[in-house]
Amino acid sequence: MPGPAETDHPVPLAATQPVLWGVAFAGLQRARAGSVYFFDNNRRRPDGIWIVQSTRTGRIQIEHQGATHPATPGSIMLFRYGEPSAYGHPDPLPADYENQWVGLRGAGLDDHLRQLRDAAGPVLHPGANHPLHRDLAELQRLAEPGRAPSATHTAARTHAFVIALIDFVDSTRHHAQSAVERAVDHLLRHALEPLDTQSIAHRFGVSREHLTRVFRQRTGQTPARFLDRQRVDHALALLRATDLPLEDIARQAGLRSPRHLADRLRAATGRTPTQVRQHAAPR
């Protein structure tokens, strides 16, 4: 039984790295009980294609980073051609196996899906009736010759699908996290907002001391130091790359005022905002 790499519709190599996100190839697979179904992704070409594969019936597994993860009906696997991972069944299939899959490509897609898999692992478990399966089926249909209205339409649907995958992972992690873990995530994701450790601790119902301790364990620094570094770095980038007024830069960097901006820059760099701009490369 051929896997995605052995599709009957070869894809020209030049078509696998476009800027727009899209579906390089897609299909349905059915493997009978007793057949051999196992694939080594390190040998799959072209490199860089991400496969999103939904299991309809049967059960297989994926081996990734030294661990084995089961893929059961309603699950979705994520893997990449050219990487050291493998999937299938180590012995002849004990039951029929059926899946639907799409091969995705496009500039920047690799970073999104790597981060998603780092957070959730190579197998998601949304359940058989989750809308993600419907969205995957739509992308599979768009890959059929003559079905997609335009490349931009396919790119938009591909983007929406990847964002839906990310939303699913985020919501699953949120429900599984403790209050202090959610507070840490909020600080990490919203560092440029005008917030502080005490207000976030209060919002999530944890003590400031507990939040600080967990944040330090996770990042190696205190929340206050992390927030200050993020804001100063963002302000420096805006000063060097734009002509925005200091009031706008302070607001976008999560700092209270132009005076606060100047104080933080002087403490971090020894320079005023004007001096930072004078030393910036010509625009």
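Bear in mind the structure is a predicted one, so any value in this text is a computation, not a measurement. (Residues numbered from 1 in each chain as written. Predicted model: local features only at pLDDT ≥ 70, side-chain atom pairs only at ≥ 80, totals over all residues. Heavy atoms only, no water.)

A few points about helix 2 (residues 131–142)
Reasoning step 1: With 12 residues, helix 2 extends 17 Å from end C-alpha to end C-alpha; this agrees with the ideal 16 Å at 1.5 Å per step.
Reasoning step 2: Of the residues making up helix 2, those classed as buried are Leu 132, His 133, Asp 135, Leu 136, Ala 137, Leu 139, Gln 140 and Leu 142.
Reasoning step 3: In this structure, the buried side of helix 2 is in contact with strand 1 (22–31), strand 3 (50–57), strand 6 (76–80), strand 8 (97–105) and helix 3 (151–176). (Helix = DSSP H or I, 4+ residues; strand = E, 2+ residues; numbered from the N terminus. Expected span 1.5 Å × (residues − 1). Buried < 20%, exposed > 50% of the residue type's maximum accessible area, 1.4 Å probe, protein only. Contact = heavy atoms within 4.5 Å.)

A few points about the pattern of salt bridges
Opposite charge on two side chains allows them to pair when their charged atoms are near.
Reasoning step 1: A full pass over the atoms with the stated rule returns 15 salt bridges.
Reasoning step 2: Measuring nitrogen to oxygen at the nearest pair gives 3.3 Å for the salt bridge that ties Glu 138 to Arg 157. With Glu 138 in helix 2 and Arg 157 in helix 3, this residue pair connects regions lying 19 residues apart in the sequence.
Reasoning step 3: Its relative accessible area of 27% is what places Arg 157 among the partly exposed residues.
Reasoning step 4: Connected through salt bridges with shared partners, the residues Arg 30, Arg 56 and Glu 98 form a single ionic network. (Salt bridge = Lys/Arg side-chain N within 4 Å of Asp/Glu carboxyl O.)

Some thoughts on the pairing of strand 1
Reasoning step 1: Burial runs high along strand 1: 8 of the 10 residues are buried.
Reasoning step 2: Of the strand pairs in this sheet, strand 1 and strand 8 are connected by 9 bridges, and their pairing is antiparallel. In the strand pairing of strand 8, Arg 30 is matched with Glu 98. (Pairing = 2+ DSSP bridges.)

Observations concerning the packing of helix 4 (residues 179–189) against helix 5 (residues 197–204)
Reasoning step 1: Contact geometry for helix 4 and helix 5: axes closest at 9 Å, N-to-C directions at 140°. Accordingly, the angle class assigned to the pair helix 4 and helix 5 is oblique. Between helix 4 and helix 5 the crossing geometry is right-handed. Where helix 4 abuts helix 5, its residues Ala 179, Arg 182, Ala 183, His 186 and Leu 187 lie against Ile 200, Arg 203 and Phe 204.
Reasoning step 2: Here the residues of the contact of helix 4 with helix 5 sort into 5 nonpolar, 1 polar and 2 charged. (Axes fitted to C-alpha atoms, helices over the stretch in contact; angles between N-to-C directions. Parallel < 35°, antiparallel > 145°, perpendicular 65-115°, else oblique. Left-handed = near helix turned anticlockwise from the far one by under 90°. Nonpolar A, V, L, I, M, F, W, Y, C, P; charged D, E, K, R; others polar.)

Describing unusual backbone geometry
Reasoning step 1: For the bond from Arg 45 to Pro 46, the omega torsion is 5°, close enough to zero to count as cis.
Reasoning step 2: Here Pro 46 lies in the loop between strand 2 (38–40) and strand 3.
Reasoning step 3: Located in the positive-phi region is Gln 65, a residue other than glycine, with phi close to 50°.
Reasoning step 4: One can find Gln 65 in the loop between strand 4 (60–64) and strand 5 (67–71).

Observations concerning the sheet that holds strand 3
Reasoning step 1: One open sheet holds the 5 strands; their spatial order is 1-8-3-6-9, and the pairing between them is antiparallel. Both outer strands of the open sheet, strand 1 and strand 9 (123–124), are each paired with one neighbouring strand and no more.
Reasoning step 2: Two elements, strand 6 and strand 9, share 2 bridges in a ladder whose sense is antiparallel. Across the sheet, Ile 76 pairs through a bridge with Leu 124, a residue of strand 9.
Reasoning step 3: Relative to the sheet, helix 1 (residues 109–120) contacts strand 3, strand 6, strand 8 and strand 9, its axis offset from that of strand 6 by approximately 125°.
Reasoning step 4: The sheet strands contacting helix 2 are strand 1, strand 3, strand 6 and strand 8, and the helix crosses strand 8 at an angle near 65°.

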